[in-house]
Amino acid sequence: MKNTMLAGAFVLAALSVPILAQAQNGVAAGATTGAVTGAVVGGPVGAAVGAGVGAVAGGIADDTRPRFRSYVSERRVPSYRYEREVRVGADLPESGVTYYEVPKEYGVTKYRYTVVNDRTVLVDPGTHRIVQIVE
């Protein structure tokens, strides 16, 4: 039974690679990554739990991104000029960047947002690391 579950988890992980390549950030990436990790660790139940946890931690949901971009645009948040590539995982400086709270209606309360090189990003306030580019 244990070998069957392990084989199933391996197949799920292998089939998920193309999905992971397409899902670059946000809820889709969080759910997919969580499902694969959960499946490898805990089988089918782990996949379901992992998908749920990953989706919650993923950032601004795809269907609310246009509204969130409008929200940021209406506030005329100044854009911080960053000399490096704006990408998920990049660390922003500790000073010189202004971070703003994400309204609860967008479902992401543990991150902050800012605008970097005219791109809206979500940032982990503890590490100043970009966790999502909201496009």
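Residues numbered from 1 in each chain as written. Predicted model: local features only at pLDDT ≥ 70, side-chain atom pairs only at ≥ 80, totals over all residues. Heavy atoms only, no water.

Once that is clear, we can look at the packing of aromatic side chains. Using the criterion set out here, one finds 6 aromatic pairs in the structure. Measuring from ring centre to ring centre gives 5.4 Å for Phe68 and Tyr113, while their planes differ by 85°; the resulting arrangement is edge-to-face. Taken together, the residues Phe68 in helix 3 (residues 65–74) and Tyr113 in strand 3 (residues 112–116) connect sequence positions 45 residues apart. Each member of the pair, Phe68 as well as Tyr113, carries the same accessibility label: buried. Through a chain of ring-to-ring contacts, the aromatic side chains of Phe68, Tyr71, Tyr100, Tyr106 and Tyr113 assemble into a single cluster. (Phe/Tyr/Trp six-rings, centres within 6.5 Å; stacked < 30°, edge-to-face > 60°. Helix = DSSP H or I, 4+ residues; strand = E, 2+ residues; numbered from the N terminus. Buried < 20%, exposed > 50% of the residue type's maximum accessible area, 1.4 Å probe, protein only.)

Under the defined criterion, the tally for this structure stands at 6 salt bridges. With a shortest N-O distance of 3.1 Å, Asp62 and Arg65 are connected by a salt bridge. Judged by its relative accessible area of 10%, Arg65 is buried. The partner of Arg81 in a salt bridge is Asp118, and the shortest N-O contact between them spans 3.2 Å. (Salt bridge = Lys/Arg side-chain N within 4 Å of Asp/Glu carboxyl O.)

By size, the foremost hydrophobic cluster in this structure holds 13 residues, and its most contacted members are Ile60, Phe68, Val72, Val102, Tyr113 and Leu122. Ranked by residues supplied to this core, first place goes to helix 3 with 3 residues. Beyond its immediate sequence surroundings of up to four residues, Leu122 is in contact with Gly59, Ile60, Val102, Val108, Tyr111, Arg112, Tyr113, Arg129, Ile130, Val131, Gln132 and Val134. With 10 residues, the next largest nonpolar core counts Ala90, Leu92, Val116 and Val121 among its residues. (Core = buried A, V, L, I, M, F, W, Y, C linked by side-chain atoms within 4.5 Å. Contact = heavy atoms within 4.5 Å.)

What follows deals with unusual backbone geometry. A negative phi angle is the norm for most residues apart from glycine, just as the trans form is the norm for most peptide bonds. With a phi close to 65°, Asp118 is a non-glycine residue in the positive phi region. Inspection of the secondary structure puts Asp118 in the loop between strand 3 and strand 4 (119–124). In this structure, His128 is a non-glycine residue whose phi angle is positive, near 65°. Its place among the elements puts His128 in the loop between strand 4 and strand 5 (129–133). For His128, a relative accessible area of 14% gives the class buried.

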